[in-house]
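Read off the chains here:
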Amino acid sequence: MVLDYVILCLYLVSMVGIAIYTKNRSKSVNDFLLAGKKGLNGWMSAFAYGTTYFSAVIFIGYAGKFGAAYQLAAVWIGIGNAIIGSLIAWLVLAKRTKVMTTRLQAKTMPEFFEKRYGSKTIKLISAIVIFIFLIPYSASVYTGLSSMFEIVFGIEGWIVMLILAGITALYLFFGGYFATALSDFIQGIIMIIGVVLMVFCFMNTKEVNWDISTLKWFTFGSEKTGLYGDTVSLVSLILLTSFGVWALPQTIHKYYAVRDDKAIMQGTIVSTLFALLIGFGAYFVGGLSGLFNGTVLDGSTFGTDYAIPHMLSAVIPTGLIGVIAVLILSASMSTLSSVSLASASVVAVDLYKGKINQKASDKKVNTVMRVLCLIFIVISVVLAILNEEFQVTAIAYMMGLSWGTLAGCFMGPYVLGVIWKKVTKPAVWASIIGSLVLTVVLIIVFGYDKAGWSCSFGVALQTGVGCSPLIGVICMIYSIIVTFVVSLLTKAPKQEIIENAFEDKAA
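Residues numbered from 1 in each chain as written. Predicted model: local features only at pLDDT ≥ 70, side-chain atom pairs only at ≥ 80, totals over all residues. Heavy atoms only, no water.

> Which residues make up the confidence of the model for the chain, and what values go with them?
Looking at the chain as a whole, the pLDDT averages 80, with 82% of positions reaching at least 70. Low confidence marks residues 220-228, where pLDDT is under 50. Its contacts with residues over four positions away, or in another chain, come to 26 contacts. Low pLDDT, under 50, characterises residues 294-301; the stretch is placed with 14 contacts to residues that sit more than four places away or in other chains. (pLDDT = per-residue confidence, 0-100. Contact = heavy atoms within 4.5 Å.)

Structure, rendered in C-alpha cells:
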C-alpha cells in the first residue's frame, strides 16, 4: 500500500510543478482563457477535449451503474461517445467554431451568443444558466472521486475533496488554460495507461471469471435496473453523452483555442481514438460487474454507483491500485479545471466586464476570473460534501441533469448558429426559456409517474432527476426543432451581424 501512496504523491507533486512552470503564461484574459494568440496544437487540444469529456463520473457512476444494468451492451455508450461525441463533433464544429469566434472576437459561449445574435440580454441569461448548471456537474465529479478513495484507501471523502480542490485551484489560478491543457496532456497519457491496466487486471482475476459469453452485448437491461424503460434508457444515455458535448461550454471552449486547420485535423483523429479507448474500456469494465463474484450487482450489497470502487479494491494488486487511482484522479482534475474555467469566465467576461463594470481593465478582469475560479471550486466542494452527507441523488444523475439542461438550452442556438445564417434571436430565446421550463416540467411529471402520484413532492423530484438522461435528450431535440422552426417564422438577422459572423463562402 506504501507504493500506491508514493504514486499518488508523485502525481500531486507533478501537478504543483505545472502550476509553478506556467505561472507566467496567463498575464492577460486572452492568455488565461485561450493560451495566448497562437493557441494549442492538435495533440494538446485533443487531450484537453478528451480529458474534459471523461471524468471520474464515467468510471465511478456511469460505468458501474449502467454496466450493471445493461451488461456489455453498455460499451455502446463509449462507442457512441467516440463516433458522435468526438469524430463527428470535431468534423462539424471545430473549424466553424474557430473561424467564427475569431471573427467575432468571442472568448466564451455567452459572448459568442451576444455577437452572433446581437443581444446583451442573451449573453447575460446564458452566462447565469451556465454558472448555475455547471455546479452540480462539478459536484458530481468530486463525489465520484471521493467515493473511490474512501472505498479503496479508507480516506474520508471530504479530505479527498479538499485536497483535490486545492491542487486544481492552484494550477488553474496561476496558469489558466495553458496550465489546464498541459496537465490534461499528461493526465491523458496516464488515463490511457490506467484504462489498459484496469481492463487487463479485470480480465485476469478469479472474481471475474472468463465466461464472458454469459454477459450480453445487445440485451438492454433487466427487471432489476429500475430505469425508465430499458431500451429507451440506453439509447437516451448514448444520445445524451454523445450529442450533449456538442453544446457544453467546457468542451466547445477547446475549439476556440485550437491553433489552425492542421491542428484541427490532428485533434479530430487523436480525440476520437482517445475517446474510443477510454469510453470502451470504462464501460467494458463496468459491464464485467455482472460477473463479479458470480452475482449481478443489483444494489443489495452496495449501490451500483459504487460498483467500480468495490471491484477495484478486490481485484487490483498493490502498486497498480495507485496507478488506477491516478487514472481516476487525472480524469477528475482535468474535467474540474475545465468546468471551473468555463464557469468563472462567463461570470468575469460576460457579467462583470459585460454588465457590471464595462470599463474594467484587462488586468482587473483577469484577476476577477482567477478569484471566481476559486469561488466556483469552493461552491462545488460544499455541494458535493452536502450531497454525500444527505445522499441527495445519484452521481450519474447529477451529471445527467447538468449535461441535459445545458445542452437543451444551447444545442440549437450554438450548433445551428455556426452552420446556418438564418438563426434568429427569437429562436434562441425559445430554445433557452423553453428548455428550462421543459426540464422542470418533465422532472416533476416523470417523478410522479415513476414514484406514484400520491408520493410527496420531494420524492417525486428526486425520482424525476433519475430520469435526467431521457429528459436531456428530449430537451436537445426540442432545442434543435424550435430553433429551426422559429427561425423560419421570424425576421431574418441583420445583414451586418451575418457578415461579421460568417466567412463569405460560409453556408
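> Residues and numbers for the nonpolar core, please.
With 151 residues, the main nonpolar core has F59, F410 and Y414 as its most contacted residues. Look past the residues within four positions of F410 in its chain and what remains in contact with it is M109, F113, S126, V129, I130, A247, V415, I432 and S479. Core analysis: the next-biggest nonpolar cluster, separate from the first, contains eight residues, I443, F446, C467 and I471 among them. (Core = buried A, V, L, I, M, F, W, Y, C linked by side-chain atoms within 4.5 Å. Buried < 20%, exposed > 50% of the residue type's maximum accessible area, 1.4 Å probe, protein only.)

> Give a description of the pattern of salt bridges that names residues and reports values.
This structure, assessed with the given rule, holds four salt bridges. For D261, the salt bridge is made with K95, and the minimal N-O distance between the two is 3.6 Å. Of this pair, D261 sits in helix α11 (residues 261-287) while K95 sits in helix α5 (residues 75-104), and the two are 166 residues apart along the sequence. Here D261 falls in the partly exposed class, since its relative accessible area comes to 49%. The salt bridge involving K123 is made with E114; its shortest N-O contact spans 3.2 Å. The exposure classification of K123 matches that of E114, with both residues buried. The network of salt bridges with shared partners includes E114, K120 and K123. (Salt bridge = Lys/Arg side-chain N within 4 Å of Asp/Glu carboxyl O. Helix = DSSP H or I, 4+ residues; strand = E, 2+ residues; numbered from the N terminus.)

> Can you explain a nonpolar patch on the surface? Please cite residues and give values.
A surface patch of nonpolar side chains, about 590 Å² in accessible area, is lined by I477, I481, F484, V485, L488 and L489. Here I477 lies in helix α18 (residues 468-489). Residue I477 is classed as partly exposed on the basis of its relative accessible area of 47%. (Patch = residues over 30% accessible without salt bridge, like charges linked within 9 Å, V, L, I, M, F, W, Y side chains within 5 Å. Areas by Shrake-Rupley, 256 points an atom, 1.4 Å probe, with all protein chains shown as cover.)

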